[in-house]
Amino acid sequence: MTTLWRSLACPLCQRIRLISHNVGYLAPFASRRHASSKSPENHAGQIDMSQFPVENIRNFSIIAHVDHGKSTLADRLLEITGTISQEASNKQVLDKLQVERERGITVKAQTASMVHQYQGKTYLLNLIDTPGHVDFNYEVSRSLAACQGVLLLVDANQGVQAQTVANFYLAFEAELAIIPVINKIDLKQADVESTEEQMRRLFDFKNEDLFKISAKLGINCEEILDAVIQRIPPPKSDPSKPWKALLFDSTYNHFRGAVTNVAVIDGKVQQGDKISSAHNSKVYEVQELGIMSPDYQSTQELHAGQVGYLIAGMKSIQEARIGDTLHLSSSPVEPLPGFKPAKPMVFGGIFPMEQSEYRDLKVAVDRLTLNDSSVTVAKDSSPALGLGFRLGFLGLLHMEVFNQRLEQEYNATAIVTTPSVPCKARLSSEKLIKQYKTDEITIFSPAEFPEKRDVTEYLEPIVMGTIITPDVHLNKIFSLCEAKRGEQVDFTYIDASRVLLKYKLPLNEIVVDFYDLLKSITSGYASFDYEDHSYEPSDLVKLDVLLNGQVINELSTIVHKDKAYPVGKTLASKLKDVIPRQLYEVVIQAALGNKVIARETIRAYKKNVLAKCYGGDISRKMKLLKRQAEGKKRMKKIGNVDIPKDAFISVLKR
Ligand SMILES: Nc1nc2c(ncn2[C@@H]2O[C@H](COP(=O)(O)OP(=O)(O)OP(=O)(O)O)[C@@H](O)[C@H]2O)c(=O)[nH]1
C-alpha cells in the first residue's frame, strides 16, 4: 500500500495534517481536486462531513467479470465529480498495489468518496471498486455489506460472463439495488443487442433499465451518477443513535498500526472519541479519521451512513478484526452479524528461507492477513523446511498474489510449497481413529495422507462450475471437462448463440490450469466461475517425489489414480527444468509407494565459476562470486539438493 505509506508516513503530510486539524475551516469539497497523492493540497483543509445527512448519501460498488471495465469506470466517475484530474497518468487510480499495477488486475476492493450535485442538492457518493477474478470474490462479498446498491457492468463485446452471473447473485441475495450497465459500446465489435438480450433472459432486466456507456471515452457516464442517486436508496442509518460502525477492511501501516475502513451505521464518531469493538473490550482513542477521496483525507467526524477510514492505535489482526462492530466504549451496541468466514480452496505451506527469519515471516504474514482476511493461517512444520505456516487461499492466483505481496510490501522472501486441495479420508484403522479422535480426517498436505490399508475411502472436494461460451466451442469444452472428470448438470442457451453450462468438477482438476486451457481452446471466448459444492468418494493416491532417493513431501502431491502417470511424468520433467545443475548428479523420481513411474537425471555441474578468471582481475572474480551467492539466496537446500524457492509452485503449472 505504497500510497498509504507515502501519505501517512511523509513528515510533510503529517505536518500539514496537524495544521489542517487545528484550522478546522470548511473547505469546499470540490476545490481541492488533485492529480496525484503527492500534491500537498490533498491535506489543505477538512471537509465538514455534517453537510451530508443520511438521505444525501449513496454507498455503491461496481461489480463485473474480469476486465469488463470497473476500474476504468471508477476513474471516469472520479473525474466527472472532479475528485481526480483528467490527466493521462490518472489511470486505474484505485488499483493502488504494486501487484495490481504489474498484473493489471484488481485484487483489493478500494473505496473512494465523491460529491455530486443533483437537482440542486449535494450528495456524497461512496464508491467501492471490487476485483473481478473469482479468487478475490471475498473482497466483493465484504464490500457489498457496506453498500445499498451496485453497478453491474458488462462488456458489450464479451457479453455476460461467468463472474457476471456470480456477482449478480451476490448482489441479489444481499437485496441490493442493481443498476445494469453495458460498457465498451465504443468498440467496433460491440454487440449491444445480444448483451441486452442476455441481461433480459438471465437477470430479468428491462431494456429501459439498462445503461449503455463507454467508460473509456466517458460516453453516458454522467447519467450513471444520477442513476445512483435515483435508484439506490440511502443507507438505513439513524444519526440519533449511539455510534455503531462495521469494520469492513483494514490495512497495516508501519507507523500507525491498523488503518481500518468503516461503514458508519448509526450516530457519529470524532477524533478523540474512546472506542471499543464487539470482540475486544480494549479501549482505543480515535487518533485520526476521514474519507478516501481517493487518497486519505482526514476529517473531524464521520456521521451515520458515511464510509471512511479510522486509525485508533489497533496493532494486530486480533484487534482490528474484519467484520467486527465498533462502538463508543461508553455505549456498547448490539453487534452486527459480521461476515461469513472465507472458505479456503487451496492450501500451501509457507516457510522462511532460513529458520532465523521465522519471526519476521510471522509478523509479515500477520500484517498482510490483516489486509487480506480471506487467507487462513495455521502453524506448520516440515522436516526439510523447518517451522512455517499452512495457509489457505481461495485459488492459485490468490496464492501467487499473496506471495508476491509478502515480498513487495513486507520484504519477506518465503518458500511456498506445492499447493494442494484439502481431501478427506474415512478411517478404518482403530489406531488412527484413536489418534485423531475421529473416523474422518481432512488431509491438508501429502505428508498427512494415510495409507490405503488404513482407510475405507478417500473423498475429494467437488465444485460447481459455470461456463459461458459461444456454442461453436461446445465440442472442445465437452472433451476438456471429460478429461477433467467433470459431470454436466445444466445446459442453457442465454441468447441465439451463447450457452451457459454447469459442471460438477473435482477441485483438484481445475485449480491449476483449467481456466487457461478453457481460454486457449475457445480463443478466450469462454469464461469460468465456480463455487464450493461437496465432497465425493474418489480413488486418490499419493504421488511421491524423490530427489536422490529421498522422498520430498513438500514436492509430492495427491492425485486421482488415473492421473498419476501423466502427472508424475510432468512433475519429474518440470523439476528437471527448474532445478539448476549442481556439483553432483541429481536423480528425480516420481513414485507410487515403491513403484517408480518417472525418472529424470540432472547431470553434475563441473564448471568452476572462477575458471575463466585466471589472471588477476579480482573485481571480476568478486562480481562472479557475488552473483553466485545471490542466486544461492533464492535457493533452499533440501537433502543435498539446492532447489529454487519458486520450484514448488512452478512444477504444478503446465
Ligand atoms: N474500448 C474500451 N475499452 C475499455 C472500456 N472500459 C475499459 N476498457 C479497457 O478494458 C481493460 C480492462 O479495464 P479495467 O478497468 O482494468 O477492468 P476491470 O474490470 O477493473 O478489471 P479487473 O479489476 O482486473 O477485473 C482496460 O484495457 C481498459 O482500458 C471502454 O469503455 N471501451
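What you see is a predicted model, and the numbers here were worked out from it, not measured in a lab.

So, on to the overall build of the protein chain. Scanning the protein chain for helices and strands turns up 17 helices and 33 strands. The proportion of buried residues among the 654 residues of the protein chain is 56%. Pairs at least 24 residues apart make up 70% of the contacts formed inside the protein chain by residues separated by at least 6 positions. In the form shown here, the protein chain has an accessible surface area of approximately 28000 Å², with 51% of it arising from carbon and sulfur atoms.

Moving on to the packing of aromatic side chains. Geometrically, a pair of aromatic rings is defined through the distance of the ring centres and the angle of the planes. Under the defined criterion, the tally for this structure stands at 15 aromatic pairs. Relative to Y530, the ring of F528 lies with its centre 5.8 Å away and its plane at 35°, an arrangement referred to as tilted. The residues F528 and Y530 share a single accessibility class, namely buried. Taken together, the aromatic side chains of F168, Y169, F172, F203 and F205 make up a single cluster linked through ring pairs. A cation sits over an aromatic face here: R390 above F444, 4.1 Å from the ring centre.

Its domain assignment divides the protein chain into domain 1 (2-30 + 54-231), domain 2 (346-416), domain 3 (439-538) and domain 4 (541-652). The interface is formed by 15 residues belonging to domain 1 together with 14 residues belonging to domain 2. A combined buried area of about 1300 Å² lies between domain 1 and domain 2, and 55% of that area is made up of carbon and sulfur atoms. The tally of links between domain 1 and domain 2 comes to zero salt bridges. Elements that contribute at least two residues to the side of domain 1 that touches domain 2 include exactly α4 (98-103) and α5 (137-144). At four residues, the largest contribution of residues to the side of domain 1 that touches domain 2 is made by α4. Class assignment of the residues belonging to the side of domain 1 that touches domain 2 gives a composition of seven nonpolar, two polar and six charged.

The next point concerns the packing of helix α12 (residues 474-483) against helix α14 (residues 514-521). Packed helix pairs are characterised by how far apart their axes lie and by the angle those axes make with each other. Between α12 and α14, whose axes approach to 10 Å, the crossing angle comes to 160°. Regarding the angle of α12 to α14, the classification is roughly antiparallel. Pair α12 / α14 crosses with right-handed handedness. Residues K476, I477, L480 and C481 of α12 form the contact with α14, whose own contacting residues are F514, L517, L518 and I521.

Moving on: the pairing of strand β8 (residues 257-266). The element β8 is largely enclosed, with a buried count of nine among its ten residues. In the sheet, strand β7 (residues 244-253) pairs with β8 via nine bridges, with the strands oriented antiparallel. Of the residues in β8, the one forming a bridge with T251 is V259. Counted between consecutive antiparallel strands, the loop separating β7 from β8 contains three residues. Pairing of β8 with strand β15 (residues 307-311) involves five bridges; the strand directions are antiparallel. Bridge pairing in β15 links V259 to I311.

Counting buried residues in helix α3 (residues 70-80) gives nine out of eleven residues, a clear majority hidden from the surface. Among the residues making up α3, those that are buried are K70, S71, L73, A74, D75, R76, L77, L78 and E79. One or two positions beyond α3, positive phi appears at G82, with a value near 75°.

With that settled, the discussion passes to the nonpolar core. If you look at the biggest cluster of nonpolar residues, it comprises 81 residues, and the most contacted ones within it are W243, I275, L310, I467 and F514. Element by element, the count of residues in this core is highest for helix α9 (residues 358-371), at six residues. In contact with F514, not counting residues within four places along its chain, are I467, L480, C481, K484, L505, E509 and F528. F60, L78, I84 and L153 belong to the second-largest nonpolar core, a separate cluster that totals 28 residues.

The next subject is the environment of E222. Note that E222 resides in helix α8 (residues 221-231). With 19 residues separating them along the chain, E222 and K241 place their C-alpha atoms 35 Å apart. Apart from the residues within four sequence positions on either side, E222 is in contact with I80 and H116.

Across a sheet, paired strands are connected by hydrogen bonds in the backbone, their directions being either parallel or antiparallel. If you trace the eight strands from one edge of the open sheet to the other, you get β11-β10-β16-β7-β8-β15-β12-β13, paired in antiparallel fashion. Of all strands in the sheet, those bounded by a partner on one side alone are β11 (280-285) and β13 (296-299). Between one strand axis and the next, the sheet turns by 40° as a mean value, whatever way the strands run. The pairing of β7 with strand β16 (residues 325-328) spans three bridges and is antiparallel. Counterpart to A245 in the pairing with β16 is L326.

Turning to unusual backbone geometry, a few remarks are in order. A positive phi is found at D204, a non-glycine position, where the angle reads about 70°. Relative to the elements of secondary structure, D204 occurs in the loop between α7 (192-203) and β6 (211-212). Even without being glycine, N220 reaches a positive phi, approximately 60°. Inspection of the secondary structure puts N220 in the loop between β6 and α8.

Applying the stated criterion across every chain yields a total of 24 salt bridges. Residues E79 and R76 are paired through a salt bridge, measuring 3.1 Å at the closest nitrogen-oxygen approach. Residue E79 and its partner R76 are both found in helix α3; the two are separated by three residues, about one turn of the helix. For the pair formed by E79 and R76, the shared burial category is buried. As a salt-bridge pair, R405 and E409 come within 2.8 Å of each other at their nearest N and O atoms. With R405 and E409 both in helix α10 (residues 396-410) and four residues apart, this pair spans about one turn of that helix. Like E409, R405 is buried. A single network of salt bridges, built from pairs that share partners, joins K424, R426, E440 and E457.

Criteria and cut-off values
Residues numbered from 1 in each chain as written. Predicted model: local features only at pLDDT ≥ 70, side-chain atom pairs only at ≥ 80, totals over all residues. Heavy atoms only, no water. Helix = DSSP H or I, 4+ residues; strand = E, 2+ residues; numbered from the N terminus. Buried < 20%, exposed > 50% of the residue type's maximum accessible area, 1.4 Å probe, protein only. Contact = heavy atoms within 4.5 Å. Areas by Shrake-Rupley, 256 points an atom, 1.4 Å probe, with all protein chains shown as cover. Phe/Tyr/Trp six-rings, centres within 6.5 Å; stacked < 30°, edge-to-face > 60°. Lys NZ or Arg CZ within 6 Å of the ring centre and 35° of its normal. Domains from an automatic or database assignment. Buried area = accessible area lost by both parts, 1.4 Å probe. Salt bridge = Lys/Arg side-chain N within 4 Å of Asp/Glu carboxyl O. Nonpolar A, V, L, I, M, F, W, Y, C, P; charged D, E, K, R; others polar. Axes fitted to C-alpha atoms, helices over the stretch in contact; angles between N-to-C directions. Parallel < 35°, antiparallel > 145°, perpendicular 65-115°, else oblique. Left-handed = near helix turned anticlockwise from the far one by under 90°. Pairing = 2+ DSSP bridges. Core = buried A, V, L, I, M, F, W, Y, C linked by side-chain atoms within 4.5 Å.

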